[in-house]
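# Structural features, examined
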Amino acid sequence: MGGVGGGICATLLATAYPALGLNQAAAPRAFAPELVRQGAYLAQAGDCIACHTGPQGQPFAGGLAMKMPIGTLYSTNITPDPRYGIGQYTYPEFVRAVRQGVAADGHRLYPAMPYPSYAKVTDQDMEALYAYFMAGVKPVAQANRDNDIPWLLSMRWPLAIWDWLFVKAERFQPLATQDATWNRGAYLVQSLGHCGSCHTPRGLGYQEKALSQADGDQYLAGAKIDGWYAKSLRGESGPGLGRWSTTDIVQLLKTGRTSQAAAFGAMTEVVSHSTQHLTDGDLLAIATYLKSLPPGKNNLTDTPPADGGRTLQALNAGDYRQAGATGYVEFCVTCHRADGTGFSRVFPALAGNPSVMAKDPTSLIRIVLAGGHMATTQHDKLHFAMPAFTQLSDQEATDILNFIRSSWGNRADRVSLGEVAAVRSALPPAHE
């Protein structure tokens, strides 16, 4: 993070917000306790800790590796340490970093920092965030790690062109045609929650193809990121949220699971670090906004699962002629059951599961090959994990996946042997 302040601008801000201590002096600064508490809540809504905390590292001290098309980036120290962190940042510099992606020394940040979304954060919330990071976070004297990017690609001046092409430096504007709950949800999803960073497909310039529902049906339509496929959050009845109620969405964001599904992959960290801490009112607002999004035209839609019990009858009768049926019975049926309904809050259902029917099967393949675990939250102490089935050959995994995606009324494109092989080859070493 970072940004460049100006003398006149900083003076005006210091005059406008004397209680914030917004001046050119270094930390420590005095802030109202309530402002710091509000900033802490907003930092959780933004899930800042997820990217700015390395493995077994101190909170917000940076060091997390993020693989990008141009190489590996390492997140920076955003504690108020005056040497390695942002302790010397003025309020204008902080704002410019968060909203525009420009560091205090003038260099531009890579858009792994979701400043295209943070540009929508209100002035009031920005003030609270600044108070929290200056007075509510423990300083950590940890040096930042250099990025692992080839020299030619590490030049940052092209980022100015990228920003000019793709970043809309606009605050969130409520819609007069929507109520307060919808507008609050839209604000959280589009700005601090930066849900589009993972769930919106990206273009050739690695830009999000849409930043809000106003930009078209690509917004939150699902995207591949960091070895996972982040599902559509739009209204498709199959791979999207069409069959989900607002209560279902709130439950997933609060506990990491519903009676039918469970968060997995990077979403478990989002629930653990961020959404479980949000108020019920804010969770309902998010759910209300997401449920208002119509289906995306590029996503598969289908009818509710119904196959007349044929899959269940075949398995119960020992009819394993369908490819993948034997593997399903051997490796999956104990937890997910012969009828594909799983066990509520423990083992997710496969029948009608949006992740099972996603157009891109990357996440489903990865879960089978590498396993996964549920989110840990204060609201639901049960913590279950799925083992990695590394012993499956590519063909066996392909057959099982296709059995799951075509049984109990599920209708999804077939998984290819090449897709399974590609996901396996991209998996990190087992110890990671």
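Everything numeric in this text was worked out from a predicted model, so none of it was measured. (Residues numbered from 1 in each chain as written. Predicted model: local features only at pLDDT ≥ 70, side-chain atom pairs only at ≥ 80, totals over all residues. Heavy atoms only, no water.)

## With respect to the overall build of the protein
Basically, it comes down to this: Each helix corresponds to a stretch of at least 4 residues labelled H or I by DSSP, and each strand to a stretch of at least 2 residues labelled E; elements are numbered beginning at the N terminus. Using a 1.4 Å probe on the protein chains alone, a residue whose accessible area is under 20% of its type maximum counts as buried, one over 50% counts as exposed, and one in between counts as partly exposed. In this description, contact between two residues means that some pair of their heavy atoms is separated by no more than 4.5 Å. Accessible surface area values rest on a Shrake-Rupley calculation with a 1.4 Å probe, where residue burial reflects the displayed protein chains alone.
Of the regular secondary structure elements, the protein holds 19 helices and six strands. Out of the 432 residues belonging to the protein, those deemed buried represent 48%. By sequence separation, contacts in the protein at least 24 residues apart represent 65% of the contacts at least 6 residues apart. Accessible surface computed for the protein: about 20000 Å², of which carbon and sulfur atoms make up 58%.

## Quick notes on the UniProt feature "binding site: heme c 2" (unreviewed entry) in the protein
Short version of the rule: UniProt positions are given in the numbering used here, feature names are shortened, and annotations may be inferred rather than shown by experiment.
In this numbering, the UniProt entry assigns the feature "binding site: heme c 2" (unreviewed entry) to Cys195, Cys198 and His199. With respect to the helices, strands and loops of the structure, cysteine 195 is situated in the loop between helix H9 (180-190) and helix H10 (196-199). Contacts of cysteine 195, omitting those with residues within four sequence positions, involve Val189 and Leu220. Relative to the assigned elements, histidine 199 resides in helix H10. Look at histidine 199 and you get buried, because its relative accessible area is 13%. Among residues more than four places away in sequence, those in contact with histidine 199 are Leu220, Ala221, Gly222, Ala223, Ala230, Lys231 and Leu233.

## Brief notes about helix H4 (residues 91-100)
Counting buried positions over the ten residues of H4 gives eight, a clear majority of the element. Those residues of H4 that sit buried are Tyr91, Pro92, Glu93, Phe94, Val95, Ala97, Val98 and Arg99. Positive phi appears at glycine 101, one or two residues downstream of H4, with a value of about 70°.

## Side note on helix H6 (residues 123-135)
What counts is decided by this rule: Take the residue count of a helix, subtract one, and multiply by 1.5 Å to get its expected span.
With 13 residues, H6 extends 18 Å between its outermost C-alpha atoms, agreeing within 8% with the 18 Å of an ideal straight helix rising 1.5 Å per residue. Counting buried residues along H6, ten of its 13 residues qualify, which places the element largely inside the surrounding structure. If you check which residues of H6 are buried, you get Asp125, Met126, Glu127, Ala128, Leu129, Tyr130, Ala131, Tyr132, Phe133 and Met134. Residues of H6 that are buried sit in contact with helix H2 (33-45), helix H3 (48-51), H4, helix H5 (115-118) and H9.

## Quick notes on the UniProt feature "binding site: heme c 1" (unreviewed entry) in the protein
Residues annotated by UniProt as "binding site: heme c 1" (unreviewed entry) correspond here to Cys48, Cys51 and His52. Within the secondary structure, cysteine 48 is located in helix H3. Given a relative accessible area of 15%, cysteine 48 falls into the buried group. Once you skip the residues sitting within four places of it in the chain, cysteine 48 turns out to touch Ala43, Phe60 and Phe133. Summarising the element assignment, cysteine 51 is placed in helix H3. When its relative accessible area of 32% is taken as the criterion, cysteine 51 is described as partly exposed.

## Description of the pairing of strand S1 (residues 65-68)
Both faces of the sheet carry side chains from a regular strand, because those side chains alternate between them. Under the convention used in this document: By the convention used here, strands pair only if DSSP detects at least 2 bridges between them.
Only one face of S1 is buried, namely the one carrying Met66 and Met68, since none of Ala65 and Lys67 on the opposite face is buried. Pairing between S1 and strand S2 (residues 71-74): four bridges, direction antiparallel. Following the sheet pairing, alanine 65 is matched in S2 by tyrosine 74. Counting the residues in the hairpin turn of S1 and S2 gives two residues.

## Some words on the pattern of salt bridges
Cut-off, in case you're wondering: Salt bridge criterion: a side-chain nitrogen from Lys or Arg within 4 Å of a carboxyl oxygen from Asp or Glu.
Throughout the structure, instances matching the rule amount to 13 salt bridges. Across the pair arginine 37 and glutamate 34 runs a salt bridge whose closest N-O atoms are separated by 2.9 Å. Placement of both arginine 37 and glutamate 34 in helix H2 is noted, with a separation of three residues, approximately one turn of the helix. The exposure class assigned to glutamate 34 is partly exposed, which follows from its relative accessible area of 47%. The shortest N-O distance in the salt bridge between arginine 184 and aspartate 282 comes to 2.9 Å. Placement of the pair is arginine 184 in helix H9 and aspartate 282 in helix H13 (residues 280-291), with a sequence separation of 98 residues. For arginine 184, a relative accessible area of 27% puts it in the partly exposed group. Each member of the salt-bridge network shares a partner with another, and the members are Arg99, Asp123 and Arg171.

## Structural notes on unusual backbone geometry
Here the phi dihedral of aspartate 226 falls at roughly 55°; this positive angle occurs in a residue that is not glycine. Within the secondary structure layout, aspartate 226 lies in the loop between strand S3 (223-225) and strand S4 (228-230). Its identity as a non-glycine residue notwithstanding, tryptophan 408 has a phi of 60°, on the positive side. Secondary-structure assignment places tryptophan 408 in the loop between helix H18 (394-405) and helix H19 (417-426).

## With respect to a nonpolar patch on the surface
Formally: Candidates for patches are residues over 30% relative accessible area with no salt bridge; among them, like charges are joined within 9 Å and nonpolar side chains (Val, Leu, Ile, Met, Phe, Trp, Tyr) within 5 Å.
Taken together, the side chains of Trp151, Leu152, Met155, Trp157, Ile161, Trp164 and Leu165 present a nonpolar region at the surface, about 910 Å² in accessible area. Counting residues per element, the ones that place at least two in the nonpolar patch are helix H7 (151-154) and helix H8 (158-166). Residue contributions to the nonpolar patch peak at three residues, all from H8. By the secondary structure assignment, tryptophan 151 is in helix H7. Residue classification places tryptophan 151 among the exposed positions, given a relative accessible area of 65%.

## Re the packing of helix H17 (residues 362-370) against H19
In plain terms, the rule: The axes used here are C-alpha line fits, helices contributing only the stretch in contact, and every angle between their N-to-C directions lies in the interval 0 to 180 degrees. Handedness of a helix crossing follows the sense of rotation of the near helix relative to the far helix, less than a right angle counterclockwise being left-handed and clockwise being right-handed. Polar here means any residue outside two lists: the nonpolar Ala, Val, Leu, Ile, Met, Phe, Trp, Tyr, Cys and Pro, and the charged Asp, Glu, Lys and Arg; Gly therefore counts as polar.
Direction vectors running N to C along H17 and H19 enclose 60°, while the axes themselves pass 10 Å from each other. Relative to H19, the crossing made by H17 is right-handed. Across from Thr362, Ile365, Arg366 and Leu369 in H17, the residues of H19 making contact are Glu419, Val420, Val423 and Arg424. When the residues that make up the contact of H17 with H19 are grouped by side-chain class, the tally is four nonpolar, one polar and three charged.

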